[in-house]
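# Structure assessment
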Amino acid sequence: MSILQSTNKRALRKAITTTLRELSQSDIQSQSQAIAEKVLSLPAFQQCKTVSCYLSMPTAEVQTTSLILNILGDLGKALFVPSITSSDGYMDFVRVYTEEDYRSFPSGLWGIPEPTPEWLSKKRQSIFDAECNDLDLILVPGVAFDKSLSRLGHGKGYYDRFITSYSSSTGRSKPLLVALALEQQLLEHGHVPMFDHDWKMDMIITPDKVITAP
């Protein structure tokens, strides 16, 4: 990645983040509810058995609490959430079992709930465990997206590394990547810089659009 390309990403990240921080909580909640309704009506979501959903920050991104509670209330679905427990830059996805379990998570960095290592005195199931079913779908956060399905994350590379690692080391197929985006996070075609290690999304959901590859 060239210095210019890196600078472009940083500048875009800063500009979008500034815009998002100016949004009212009621606007974010209203948009988040419309996005959640679109997710729940997706055939791909309705058919999936094992799904990952990010745990949202209190502000500046699509709120996921209602989606998480819906998934936990569906006996046909298993929910996994991101967990970063080491300093090596790698992210795992671990199982959340019940609403009580989810609501017991302590608040961590940026106010994001953090899954505890255990639930009811047992180690949480990891998506990498041999007995775990394949991950069907990931609901992906980001700072910005564009209509060509490119994603700009927070700059740590957690999701890109996870998708590469999960698809290659386990021999499992790539999950469907479904990005959740506020209106202010969706840009025109080609506005998000992409590099070899960056994964494109399969779908982007905004309050009034479902964008898929042509």
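Refer to the structure printed above.
This one's a predicted model, so the numbers in the text were calculated from it and none came from an experiment.

The end-to-end C-alpha separation of helix H6 (residues 158–169) is 16 Å, in line with the 16 Å expected for 12 residues at 1.5 Å each. Three or more residues of H6 are buried, namely Tyr159, Asp160, Phe162, Ile163 and Tyr166. Taken end-on, H6 shows its buried residues confined to a sector of 165°, consistent with a single buried face. Turned more than 90 degrees away from the buried face of H6 sit Ser168 and Ser169, all of them exposed. Tucked inside the fold, the buried residues of H6 contact strand S2 (78–83), strand S3 (92–96), strand S6 (137–140), strand S8 (151–152) and strand S9 (176–180). Taken from the residues just after H6, glycine 171 is the one with a positive phi, measuring 70°.

As a further point, take the layout of surface pockets. Approximately 1100 Å³ is the volume found for the largest pocket. Every residue lining the largest pocket is counted, 45 residues in all, and those nearest its centre are Ile84, Met91, Lys156, Tyr158 and Tyr159. When contributions to the lining of the largest pocket are tallied by element, the ones reaching two or more residues are helix H1 (3–21), S2, S3, S8 and H6. Per element, the largest residue contribution to the lining of the largest pocket is five residues, and it comes from H6. Its residues placed into classes, the lining of the largest pocket shows 20 nonpolar, 12 polar and 13 charged.

With that out of the way, let us pick up the packing of aromatic side chains. Applying the stated rule across the entire model yields six aromatic pairs. Arranged with centres 6.2 Å apart and planes meeting at 55°, the rings of phenylalanine 93 and tyrosine 159 form a pair that is tilted. Of this pair, phenylalanine 93 sits in strand S3 while tyrosine 159 sits in helix H6, and the two are 66 residues apart along the sequence. Across the pair, exposure class does not vary: phenylalanine 93 and tyrosine 159 are buried alike. Both rings, one in phenylalanine 162 and one in tyrosine 166, keep their centres 5.6 Å apart while their planes meet at 20°; by these two values the pair is stacked. One end of the pair, phenylalanine 162, and the other, tyrosine 166, are both in helix H6, four residues apart, so they sit about a helical turn from each other. Across the pair, exposure class does not vary: phenylalanine 162 and tyrosine 166 are buried alike. An aromatic cluster is present here, built from Phe93, Phe128, Tyr159, Phe162 and Tyr166 joined pairwise through their rings.

Cut-off values and rules
Numbers given for residues are sequential positions, taken from 1 along each chain in its written order. Note on the predicted model: pLDDT of at least 70 is required for a residue's local features to be given, and 80 or more for side-chain atom pairs to be given and counted; whole-chain, interface and lining totals, by contrast, use all residues. To obtain the side-chain values, all non-hydrogen atoms of the structure were used and water was disregarded. Numbering of helices and strands runs from the N terminus; a helix is a DSSP stretch of H or I covering at least four residues, while a strand is a stretch of E covering at least two. Expected span of a helix: the number of residues minus one, times 1.5 Å. Burial status follows relative accessibility: with a 1.4 Å probe on protein chains alone, a residue under 20% of its type maximum counts as buried, one over 50% as exposed, and anything between as partly exposed. What the arc measures is the spread of directions leading from the helix axis to the C-beta atoms. Two residues form a contact once any of their heavy atoms are found within 4.5 Å. Cavity and pocket criteria rest on a 1 Å grid covering protein atoms alone: a 1.4 Å probe that fits but cannot get out defines a cavity, protein on both sides within 12 Å along at least 5 of 7 lines defines an open pocket, and an atom within 4 Å of a point defines a lining residue. Grid points are joined across faces, edges and corners, and a volume is the space filled by probe spheres set on the points. Any residue that is not Ala, Val, Leu, Ile, Met, Phe, Trp, Tyr, Cys, Pro, Asp, Glu, Lys or Arg is counted as polar, Gly included; the first ten are nonpolar and the last four charged. Here a Phe, Tyr or Trp ring, Trp counted by its six-membered ring, pairs with any other such ring whose centre lies within 6.5 Å, and the pair is stacked when the planes are under 30 degrees apart, edge-to-face when over 60, and tilted otherwise.

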